[in-house]
Structures are given as C-alpha cells and as structure tokens.
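Notes for the structure review
Next come the chains, spelled out residue by residue.
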Amino acid sequence: MSSFYDYAVTKRDGSSKSMADFKGKVVLVVNTATGCGFTPQYKDLEAIYEEFHDRGLEILDIPCNQFAGQTPGTDEEVHEFCTLKYNTKFDQMKKSDVNGENALDLYKYLKSQKTFEGFGKGAKALLMNTMLKKIDPDYKNNAEIKWNFTKFLVDRDGNVVARFEPTADMKDVREAVAKLI
C-alpha cells in the first residue's frame, strides 16, 4: 500500500519534488488553470497560504491543460501570470495531466483516496453538472478530476482528508485547512 509521501512531481525547472518533503505539513494539492472561470480562486489560495504557511501549510499548484485548453503557454508563462496577476508566493509545478493514461501517479493516488461526491448546490454547480453531462455522461460515478481547481487536502500525517470541487466555497476550504493547522 502506498502513501502520499511515496510520490513526486516535476517542478518547473525539471527537478523532482518529493511529497516526503512535506512530512509534518498540511498540504493543499490543486490542479490549476490561467484562463478558467475559477482562476480568480488564486486570490483566495494566496490568502490562505499567507495566513497559514508559517504554521505549516504548503500549496502544491499543478497547472493542467486538460480542461478546455484553459492553461496555454509555457510553465514560465503560467508562473509569471500567477505572480503578476495574483501575487502568488507558492510555487507552480510543471504543467501535467491529472486524468488519463498520462496522469501523474500522485493524482491517481489522490483520486483513489477521495472520489467525486458532487458539485454541491448553486448556479456554478448547476452549470458544471450540465456541462459535464455532455463531456462524460457517467461523470457522477467515477473519481476523475472534473475540472480546474479541484483541491485535495492532506493532513500532517499524509492522509487525504478532503476533496473540494472547483464549485466549493473557498471559505469552506479555508476552514478545513484551519482545523488541521
């Protein structure tokens, strides 16, 4: 049986980032995009990072271009966009797949730990449900990442304790992080 700490991702510079480096930390893993309706969540992510980083929070930002091509550009262009537009301090990794045969092993593991439980209620949830019915009629019954800004919360012991869909209220994400800090 594997654990969160058994995985690694590739950083923008091509080097490897081991999840074992995060032992004892709370980690929020997010697949991001620069041209998505959810991209403004970078502002909330940065606020959460600034509030809790000194107490043990890390954000693992993994840009992904699998959802309507909403992350164009190079890894450096993505990083420049995030730092200039949202003043992000957490680092972005190399653009990677989160679904399909080329999905990062880390994402295969995360999805095995926390499956899709729905988009919740409200206008954004309704929109996502309608859109995904067209893309994947069986979307409700699989653990695949549905869209940009899906978040996995990992506790200080490496347990995947929560999955937040992009439609989740960022206040709920912040509260969940706060409980683990």
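The structure displayed is predicted, hence computed values, not measured ones. (Residues numbered from 1 in each chain as written. Predicted model: local features only at pLDDT ≥ 70, side-chain atom pairs only at ≥ 80, totals over all residues. Heavy atoms only, no water.)

What follows concerns the sheet that holds strand S4 (residues 57–63). One open sheet accounts for 4 strands, arranged S4-S3-S5-S6; its pairing is mixed. Of all strands in the sheet, those with a lone pairing partner are S4 and strand S6 (160–164), marking the two edges. The average undirected angle you get between the axes of adjacent strands in this sheet is 15 degrees. Note: strand S3 (residues 26–32) against S4, 7 bridges, orientation parallel. When the sheet's bridge partners are listed, Val 29 is paired in S4 with Leu 60. Across the sheet, helix H5 (residues 170–180) lies against S3, S4, strand S5 (151–154) and S6, angled at about 15 degrees from S5, the strand it touches most. (Pairing = 2+ DSSP bridges. Helix = DSSP H or I, 4+ residues; strand = E, 2+ residues; numbered from the N terminus. Axes fitted to C-alpha atoms, helices over the stretch in contact; angles between N-to-C directions. Contact = heavy atoms within 4.5 Å.)

With that settled, the discussion passes to the packing of aromatic side chains. Evaluated as defined, the whole model comprises 12 aromatic pairs. On the numbers, 6.3 Å between centres and 20 degrees between planes, the contact of Tyr 42 with Phe 90 is stacked. Placement of the pair is Tyr 42 in helix H1 (residues 41–52) and Phe 90 in the loop between helix H2 (75–86) and helix H3 (105–113), with a sequence separation of 48 residues. Accessibility assignment for this pair places Tyr 42 and Phe 90 in one class, buried. Look at Phe 116 and Phe 119: their rings are 5.0 Å apart centre to centre, the planes differ by 65 degrees, and that puts the pair in the edge-to-face class. The class for Phe 116 is buried, based on a relative accessible area of 6%. By way of ring pairs, the aromatic residues Tyr 42, Tyr 49, Phe 81, Tyr 86, Phe 90 and Phe 149 are connected into one cluster. Sitting over the ring of Phe 116, Lys 146 keeps its end group 4.8 Å from the ring centre. (Phe/Tyr/Trp six-rings, centres within 6.5 Å; stacked < 30°, edge-to-face > 60°. Buried < 20%, exposed > 50% of the residue type's maximum accessible area, 1.4 Å probe, protein only. Lys NZ or Arg CZ within 6 Å of the ring centre and 35° of its normal.)

The values are spatial; any link to function lies outside them.
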